[in-house]
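Each chain, written out:
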Amino acid sequence: MFAKVMPRFTPPAASGGYGLALSALFGLLFALIITPPGFLDGTASYWQTQVEDIGQYQSGFTAYIRSPWTLPLLSIPSLNWPAGTVVTFVDAIPALALPWKILATFLPMPENPFGYWLAFCFIMQGVGAWYVIRQIQPNDWLALGLAVVFCVWMPSLAARMGHLSLQGHFILLFAVGLYFKTRLEQKTQIGQWTVLLLTAFYVNFYLTAMATVIMFACSLDFYWQTRRKKILVLHAVPLFAIALSVPPLLGTAFGKAVPDTGFGFYSMNLFSPIAYGNLLMFPFYRPGPGQYEGYNYLGLGLIIAIAVVWWLRNRMALESRAVIGPFLKVVMLLLFAYSLSNEVYASDVHLLRWNVPGFTEPLFEAFRSSGRFFWPISYLLVFLVILRLSTLSRPLFAGLAVLLVLVQAADLYPTFISIKSSLMRPANEPADLAVWNQTLAGVETIHAFPKFKCNGALMREIMPLQVVAAKGGYNLTTGFISRYGADCDAIESEIASSDPDTAAYVFTRAQFTDEQINRYKPEDARCTQLDIWIVCRKDPS
């Protein structure tokens, strides 16, 4: 009798469907854990606000969904009326808003999609980590697990939960993955780069800029390897595709955009990547007031991993195929310098100031929150560290990976608890929509004064009016809009050219006296006070 030979079990590859599914699931579970009940389905009290950035996103999204189809496809005619604006400038994520509006034409869709967007971002964060590992360590479950944990738990991702479009860090992971894929397969991957950058452009401009510089480094490193000039031309295709998409989707919105200032203020502190820990603290660390934009803590687990790799650098053999090219190294150094801005601080010590060349000022102010540009470096460090650690013996790598995950979890647990608590804020809706709709019955256009950015107008004064206009279906002559400029001295001319039969004139109590309001309003308009606003309109009777 012959003994029955049992087939040998072969575990599935980490780069296959099981690895993809588990990576995505880890991202979703973390999103469920770090957010309070009702957050991801859009029903939590967090979303019920008229005085936070969330109010801008939701009101802009609502105004867009309810506006008629017109060109450009992302236009919102009712905000900043009559000039209008676009979805991009209310941070309502065009890549989400446009397909949502298409679906809403045929199907009943939830009013608030942003909780689902955040869940999607965390899922894609896991998928993005899987995608990178698939290029550089395709059959290594340990490498995959460590990469997914470090990427999904990246503190700079969870800390920006309130800035929805910036949650798309997965774009950076796919950019890093495409860099490695291009380098290892010796193919341009130009189709994938085009899809990635087009998507990024309609998610967030900062993420687009970061992914684009990685693509440029990829192109130059590929050319450095092959000396094929065609490569440099091909990598212009994604930018050409973006340019072609602008007229039908955004029109001339960029030509009307007003630059903001803040470069040098919204920066990263030199100690930021290491000084926000809970297990290891820097009591002397005092970042500047605008350096919350440069919150880039790596977590003690990742910091230890970097230290181990540096300590053992001469004992770790890294295959040449996985070494990053010279241009990516240069780009990462430039991103690091840009993240620090031209005002370099270590804690509250001012180390250095350098002058921005005059001709580059528009570019620097376009991306004024420079502290964010450390994000690609954070993720590249994750994968370079994992590549190095994976050359250790399997038992040593496994033991070290478990230790690093435990340390990272212990260090970041209080941070994640604090973030979850911040998402439990109570509702804050000073403008009673029912009262406003009753007061504005028959009105088509709200002429609001002062306009955003005029006479110190505050979010508290403008944002609730934008919510009222979006949900009530009114035109609003201002709005809490990015890159926005207004004629602050045109109050009398605007009111004189308006139709008093279909208009309401809203003045902020703190900015206007009764005498001023009586001088500006139409002669037969009657005024009532609603909270901090004076609403004047012609008597409907």
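Bear in mind that the values here come from a model prediction, so they are computed numbers and not experimental data. (Residues numbered from 1 in each chain as written. Predicted model: local features only at pLDDT ≥ 70, side-chain atom pairs only at ≥ 80, totals over all residues. Heavy atoms only, no water.)

Undergrad: Explanation requested: the environment of Val435 in the structure shown.
TA: Within the fold, Val435 resides in helix H17 (residues 433–439). For the pair formed by Val435 and Ala83, sequence separation is 352 residues and the distance between their alpha carbons is 28 Å. (Helix = DSSP H or I, 4+ residues; strand = E, 2+ residues; numbered from the N terminus.)

Undergrad: I would appreciate a short explanation of the nonpolar core in the present structure.
TA: Where a protein is soluble and globular, its nonpolar side chains tend to be buried together. Phe383, Leu389 and Trp436 are the most contacted members of the largest nonpolar core, which totals 157 residues. At 14 residues, helix H4 (residues 114–136) tops the list of elements feeding residues into this core. Ignoring any residue separated from it by four or fewer positions in sequence, one finds Phe383 in contact with Ala129, Val132, Ile133, Ile136, Ala147, Cys151, Leu173 and Val176. Counting residues in hydrophobic clusters, the runner-up holds twelve residues, among them Phe449, Ile491, Ile495 and Ile534. (Core = buried A, V, L, I, M, F, W, Y, C linked by side-chain atoms within 4.5 Å. Buried < 20%, exposed > 50% of the residue type's maximum accessible area, 1.4 Å probe, protein only. Contact = heavy atoms within 4.5 Å.)

Undergrad: Before we go on, may I ask you to explain helix H2 (residues 53–66) in this structure?
TA: Owing to its 3.6 residues per turn, the α-helix brings residues three or four apart onto one side. With 14 residues, H2 ought to run about 20 Å at 1.5 Å a step, and its terminal C-alpha atoms sit 20 Å apart, in line with that. Among the residues of H2, those classed as buried are Ile54, Gly55, Gln56, Tyr57, Gln58, Ser59, Gly60, Phe61, Thr62, Ala63 and Tyr64. Check the buried side of H2 and you find it contacts strand E1 (75–76), helix H3 (94–104), H4 and helix H18 (459–472). (Expected span 1.5 Å × (residues − 1).)

Undergrad: What is the right way to read the state of the cysteines from this model?
TA: What is meant by a disulfide is a covalent connection between two cysteines, made through their sulfur atoms. This structure, assessed with the given rule, holds two disulfides. Bridging Cys454 to Cys488, the disulfide has an S-S length of 2.0 Å. Because the sign of the S-S torsion sets the handedness, a value of about -80 degrees for the bond joining Cys454 and Cys488 places this disulfide among the left-handed ones. Taken together, the residues Cys454 in the loop between strand E5 (445–449) and H18 and Cys488 in the loop between strand E6 (475–476) and helix H19 (491–496) connect sequence positions 34 residues apart. (Disulfide = S-S within 2.5 Å.)

Function-wise, these values are silent; they only describe arrangement.
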